[in-house]
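So you can see what is in the structure, the chains are spelled out below.
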Protein chains: 2
Amino acid sequence: MEVLIIGAGGMARGIGLRLVRGGHQVRIAHREPDKAADLAEALGANASGEALDSAAGAEVIVLALPYEGSREIAEVWADQLAGKIVIDISNPVDYETFDALITPPGKSASDEIAEAAPGARVVKAFNTTFASRLATTGRLDVFIAGDDGDARKTVAGLCTDADLRPIDVGGLKHAATLEAMQLLHMKVQGEIEGNWATALAFAP
Amino acid sequence: MEVLIIGAGGMARGIGLRLVRGGHQVRIAHREPDKAADLAEALGANASGEALDSAAGAEVIVLALPYEGSREIAEVWADQLAGKIVIDISNPVDYETFDALITPPGKSASDEIAEAAPGARVVKAFNTTFASRLATTGRLDVFIAGDDGDARKTVAGLCTDADLRPIDVGGLKHAATLEAMQLLHMKVQGEIEGNWATALAFAP
């Protein structure tokens, strides 16, 4: 499967590594093409870098940007995202306090992205897995929410290929829960063992 | 410490076992005193059973009842719970669909219990640990939320004594997140390994 990852930071790297290992073709897109090329080179032969230009060809698009950037892409690219699976990994966290979300009450970042790009098949995923942990090996839980059941299944398949455990929690309304839980996960990082490398799990 | 557990079901048993192992004195209270006595006997020498009669003497009270029952106790016992640490373990889940909570929008079960017993020092805890898993050994994460910092610390201490890992997530407003996350945890039980014995965790 051809996956376009928008962004060239830690999360783009972590998800890119997993997808390439899972046998998929990864395109990295960034406003600065050099950054995209650098990350693609690090990911290996099944990855390529490009300017942030077009989603054409990609079956799945990962918005590996901060919340505001993801929402902006959804707005600007609304037409070309129509019909495509768009993975929103964002966490709309108030990074000053780590005690609240910055989305309007009752709305998740995923809700906002889905509103901005109404034709996109938006799936929340990867918002509870830190970049450094994704970049290692080991099976992590990836929580998946979205209103399009086939899109959720496709994302679950990508996870399974990448040695991750997909946990399909149902409709996009549950993205709010995943974002709120990840806020708590981030908030306590200073007090638990893990150094931003723990993962939310339904543990045995 | 003397802990009064209201209820004699699986969660009362699991929490009671942990507390007794941690060296604490456990009182089990139930409308049917025989049920309380039976559970107390199973818990051993540091446990006793009694009728559901009075919270006098107990420093900590655990409402180990379904959501509606916990709210009712909070209402009826509001006066005698004043100043005491009241642990709310409930999950206000719609058990028909496993896809929604039955609390009013924007309100958690803990919020409702705190409103019903305004003098109580309400702490959310143990709502993400299934009874069968608590009843085994092994260190589980226990997520703790409450507006009284000292009360949260006391509950965290009880957890540590009981070989559980307390994770203090802050104010009672975060109880809503813990309840929503546990809904998802329950919802997917049929699809993941675990048989109602998994535990929500910030895993390494």
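Because the structure is a prediction, the values reported are computed rather than measured. (Residues numbered from 1 in each chain as written. Chains lettered and ligands numbered in written order. Predicted model: local features only at pLDDT ≥ 70, side-chain atom pairs only at ≥ 80, totals over all residues. Heavy atoms only, no water.)

J.: Could you clarify how one ought to interpret the layout of surface pockets in this entry?
T.: A probe matching the size of a water molecule, rolled over the atoms, marks out where space remains unfilled. By volume, the largest pocket amounts to about 970 Å³. Lining the largest pocket are 34 residues, with G106(A), A176(A), A180(A), G106(B) and A176(B) sitting closest to its centre. Only α8 (175–187) of chain A together with α8 (175–187) of chain B provide two or more residues apiece to the lining of the largest pocket. When its residues are assigned to classes, the lining of the largest pocket shows 14 nonpolar, ten polar and ten charged. (1 Å grid on protein atoms, 1.4 Å probe; cavity = no way out; pocket = protein on both sides within 12 Å on 5 of 7 lines; lining within 4 Å. Points joined across faces, edges and corners; volume = space filled by probe spheres on them. Helix = DSSP H or I, 4+ residues; strand = E, 2+ residues; numbered from the N terminus. Nonpolar A, V, L, I, M, F, W, Y, C, P; charged D, E, K, R; others polar.)

J.: Please explain the interface of chain A and chain B as it appears in this structure.
T.: Many descriptions give the size of an interface as the accessible area lost when the pieces come together. With 31 residues of chain A at the contact, the number on the chain B side is 31 residues. At the surface where chain A touches chain B, the tally comes to two salt bridges. One salt bridge connects K173(B) with D99(A), and the closest N-O pair in it is separated by 3.1 Å. Linking chain A to chain B there are nine residue pairs in polar contact (both at pLDDT 80 or more). For the side of chain A that touches chain B, the secondary structure elements donating two or more residues are β8 (165–170), α8 and β9 (199–203) of chain A. If one sorts the elements of the side of chain A that touches chain B by residue count, α8(A) sits on top with eight residues. (Contact = heavy atoms within 4.5 Å. Salt bridge = Lys/Arg side-chain N within 4 Å of Asp/Glu carboxyl O. Polar contact = N/O pair within 3.5 Å; in protein donor to acceptor, adjacent residues only side chain to side chain.)

J.: Help me understand the UniProt feature "domain: Pyrroline-5-carboxylate reductase catalytic N-terminal" (unreviewed entry) in chain A, please; the structure alone is not making it clear to me.
T.: Mapped onto this numbering, the UniProt entry annotates "domain: Pyrroline-5-carboxylate reductase catalytic N-terminal" (unreviewed entry) at residues 3–92 of chain A. Between the first and last C-alpha atoms of residues 3–92 of chain A the distance is 24 Å; the span itself is 41% helix and 26% strand. (UniProt positions renumbered as here; feature names shortened; annotations may be inferred.)

J.: Would you mind going over the relation of the copies chain A and chain B with me for this structure?
T.: Mapping one chain copy onto the other needs a rotation about an axis and a shift along that axis. After a rotation of 180° and a shift along the axis of 0.0 Å, chain A superposes on chain B with an RMSD of 0.0 Å. Those values place the two copies in the arrangement expected of a two-fold rotation axis. When C-alpha positions in chain A are compared against the rotation axis, the closest is assigned to A201(A), at 2.6 Å. (Least-squares fit on C-alpha atoms with pLDDT ≥ 70 in both.)

J.: What exactly am I supposed to notice about the pairing of strand β3 (residues 47–51) of chain B here?
T.: All names here are of chain B. As judged from the five bridges shared by strand β2 (residues 25–30) and β3, these two strands associate in the parallel manner. Paired with V26 across the two strands is A47, which belongs to β3. Remark: the β2/helix α2 (residues 33–43)/β3 crossover connection has right-handed handedness. (Pairing = 2+ DSSP bridges. Right-handed = clockwise from strand over helix to strand, strands pointing away.)

J.: Just to check I follow, could you spell out the sheet that holds strand β4 (residues 60–63) of chain A for this structure?
T.: What holds strands together in a sheet is hydrogen bonding between their backbones, with the strands either parallel or antiparallel. Residues and elements named next belong to chain A. Ordered by their spatial adjacency, eight strands build an open sheet running β3-β2-β1-β4-β5-β6-β7-β8, and the pairing between neighbours is mixed. The open sheet has two edge strands, β3 (47–51) and β8, and neither has a second partner. Along the sheet, successive strands turn relative to each other by an average axial angle of 25°, direction set aside. (Axes fitted to C-alpha atoms, helices over the stretch in contact; angles between N-to-C directions.)

J.: Just to check I follow, could you spell out helix α1 (residues 10–21) of chain A for this structure?
T.: In an α-helix, one turn spans 3.6 residues, which is why side chains three or four residues apart end up on the same side. Between the first and last C-alpha of α1(A) there are 17 Å, a value that for twelve residues agrees with the 16 Å anticipated at 1.5 Å per step. The buried fraction of α1(A) amounts to nine of the twelve residues, a majority that puts the element mostly inside the structure. (Expected span 1.5 Å × (residues − 1). Buried < 20%, exposed > 50% of the residue type's maximum accessible area, 1.4 Å probe, protein only.)

J.: Before we go on, may I ask you to explain helix α7 (residues 149–161) of chain B in this structure?
T.: All names here are of chain B. Look at α7: 18 Å from first C-alpha to last across 13 residues, which is about the 18 Å you get at 1.5 Å a residue. Within α7, burial applies to A151, R152, V155, A156, L158 and C159. The buried residues of α7 occupy an angular sector of 155° when projected down its axis, which confines them to one face. Of the exposed residues in α7, the ones pointing more than 90 degrees away from its buried face are D150 and K153. Regarding α7, its N-cap is D148, as a side-chain oxygen of that residue lies 3.0 Å from the backbone nitrogen of D150 further along. At the exit of α7 stands D163, carrying a positive phi of roughly 60°. (Arc of directions from axis to C-beta.)

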